[in-house]
Amino acid sequence: MTQKDIRILAYESSCDETSTSIVKNGTEIESLIIATQIKSHQRFGGVVPEVASRHHIEVITQITKEALAQANCTWKDIDAIAVTYGPGLVGALLIGVSAAKAASMATNIPLIGVDHIMGHIMAAQLKDTIEYPALALQVSGGHTELVLLKSPIDFEIIGDTRDDAAGEAYDKIGRVLGVNYPAGKTIDTWAHQGQDTFKFPRAMLEDYDYDFSFSGLKSAFINTCHHADQINQKLDKYDLAASFQAAVVDVLAYKTIRAIKEFKPKTFILGGGVAANLGLRERLNREIAAINQDHQLKVIMPDLKLCGDNAAMIGAAAYNLYVAGQFSDLNLNADPSLELPYSDELYK
């Protein structure tokens, strides 16, 4: 007897993308709809929470219909409804949570609340089979974390950012360079055309832990640009971008490789919006290849379209929770400060 396929309708609305998706068996995307708001926020230089919430309200019903139609499904084909309930912007999260709860109540289909960061990491499951234990470097707008995965639902943070995350730093220095939000892709492109001539600081590079800090790097970059303005000196934007990116990638790669050597995972995962950064991908691939004879490590870097916020990754993570019997009830609420658990051994 063949096992029944499990289809999950997932919602993602944690920030400035409204997305729905139907994922089969946690690995196959049958539909994926993403309504982006980037143009609405560019004039403000960043995401405006109230504007984001209003956009989510405008499109969420329509993209639910589109996800079902694209997958050639009806509500009777859906086994669970999943939704991001944190972390993120509280107003934006509430739109997705309210839509998912309403759909669950109207259809009597089980509800599953999903951690947004767990979703980013589980985007890897949509590309290849994850062998456990696994180690993930999760790098997105507000998060820079090293996460140990003991199983598909057992995650522990072993390293976190103490101030600005890498993605935040990219956007903040982008404003100084006159780059529209989001700045990461442009900075990455410029970095490949310049040289690391400014030698910006690499914070916490030699610290015993796996934590990160990018606030000092951001400040050093801004101070360099402001000083040049004061003395009427023109700096090369490509060298500035290359120098900034080299400092970020040096720290991320160094701590990731050290964690791989210590924890000896079977799989390494790169996740989050900054996982689309080609400089970071190239560096990690090169350094992991150099040590892989000793570690036999599988490397999964999700397709670029699945690095940003999307509902398919939420559907993948929700499938694992479905199999484990971890469902939510209609009391599910948005939790903008939701965090994965920290390792007891490293954070006492």
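The structure we're discussing is the one just above.
First, a word on what this report is: a plain description of the structure on this page. All of these numbers come straight from a predicted model, not from anything done at the bench.

**Comments concerning the sheet that holds strand β3 (residues 28–36)**
Line of reasoning, step 1. Taking strand neighbours across the sheet as the criterion, the five strands line up as β3-β2-β1-β4-β5 in an open arrangement whose pairing is mixed. The sheet is open, and its two edges are formed by β3 and β5 (111–115), each paired on a single side. Each adjacent strand pair in this sheet contributes to an overall mean axis angle of 20°, direction not counted.
Line of reasoning, step 2. With four bridges joining them, strand β1 (residues 7–12) and strand β4 (residues 80–86) adopt parallel strand pairing. In the strand pairing of β4, I8 is matched with A80.
Line of reasoning, step 3. Lying over the sheet, helix α2 (residues 49–70) contacts β1, β2 (17–24) and β3, oriented at roughly 20° with respect to β2.
Line of reasoning, step 4. Along the sheet face, helix α10 (residues 311–323) touches β1, β2, β3, β4 and β5 and points at about 130° away from the line of β1.

**A look at the layout of surface pockets**
Line of reasoning, step 1. Of the volumes computed, that of the largest pocket is approximately 1,500 Å³.
Line of reasoning, step 2. Lining the largest pocket are 42 residues, and of these G141, Y181, P182, G273 and G308 lie nearest its centre.
Line of reasoning, step 3. Contributing elements (two or more residues each) for the lining of the largest pocket: α4 (116–122), α5 (166–176) and α6 (184–191).
Line of reasoning, step 4. Looking at the lining of the largest pocket, the element that brings in the most residues is α5, giving six residues.
Line of reasoning, step 5. Split by residue class, the lining of the largest pocket holds 17 nonpolar, 15 polar and ten charged.
Line of reasoning, step 6. Of the pockets and cavities examined, the second largest pocket occupies roughly 260 Å³.
Line of reasoning, step 7. Residue lining of the second largest pocket: 13 residues in total, with A191, Q245, A246, G279 and E282 positioned closest to the centre.
Line of reasoning, step 8. Taken together, the elements giving at least two residues each to the lining of the second largest pocket come down to α8 (237–263) and α9 (278–295).
Line of reasoning, step 9. When grouped by side-chain class, the residues that make up the lining of the second largest pocket number four nonpolar, five polar and four charged.

Conventions and cut-offs
Per chain, the residues get numbers from 1 upward, laid out in the order the sequence is written. Confidence filtering applies because this is a predicted model: local features only for residues at pLDDT of at least 70, side-chain atom pairs given and counted only at 80 or more, and all residues used for totals across whole chains, interfaces and linings. Hydrogens and water molecules were not included; the side-chain quantities draw on all heavy atoms of the structure. In short, DSSP must find at least two bridges between two strands for them to pair. Strands are runs of DSSP state E lasting at least 2 residues, helices are runs of H or I lasting at least 4, and numbering of each runs from the N terminus. Helix axes are fitted only over the stretch in contact, all axes being lines through C-alpha atoms; the angle between N-to-C directions runs from 0 to 180 degrees. The contact rule is simple, with two residues in contact once any of their heavy atoms fall within 4.5 Å. Space inside and on the surface of the protein is sampled on a 1 Å grid over the protein atoms alone, with a cavity defined as a set of points where a 1.4 Å probe fits but cannot get out and a pocket as an open set with protein on both sides within 12 Å along at least 5 of 7 lines; lining residues have an atom within 4 Å of a point. Grid points are joined across faces, edges and corners, and a volume is the space filled by probe spheres set on the points. When residue character is reported, Ala, Val, Leu, Ile, Met, Phe, Trp, Tyr, Cys and Pro are called nonpolar, Asp, Glu, Lys and Arg charged, and the others, Gly included, polar.

Note that every value here comes from positions in space, so none of it alone points to a role or purpose.
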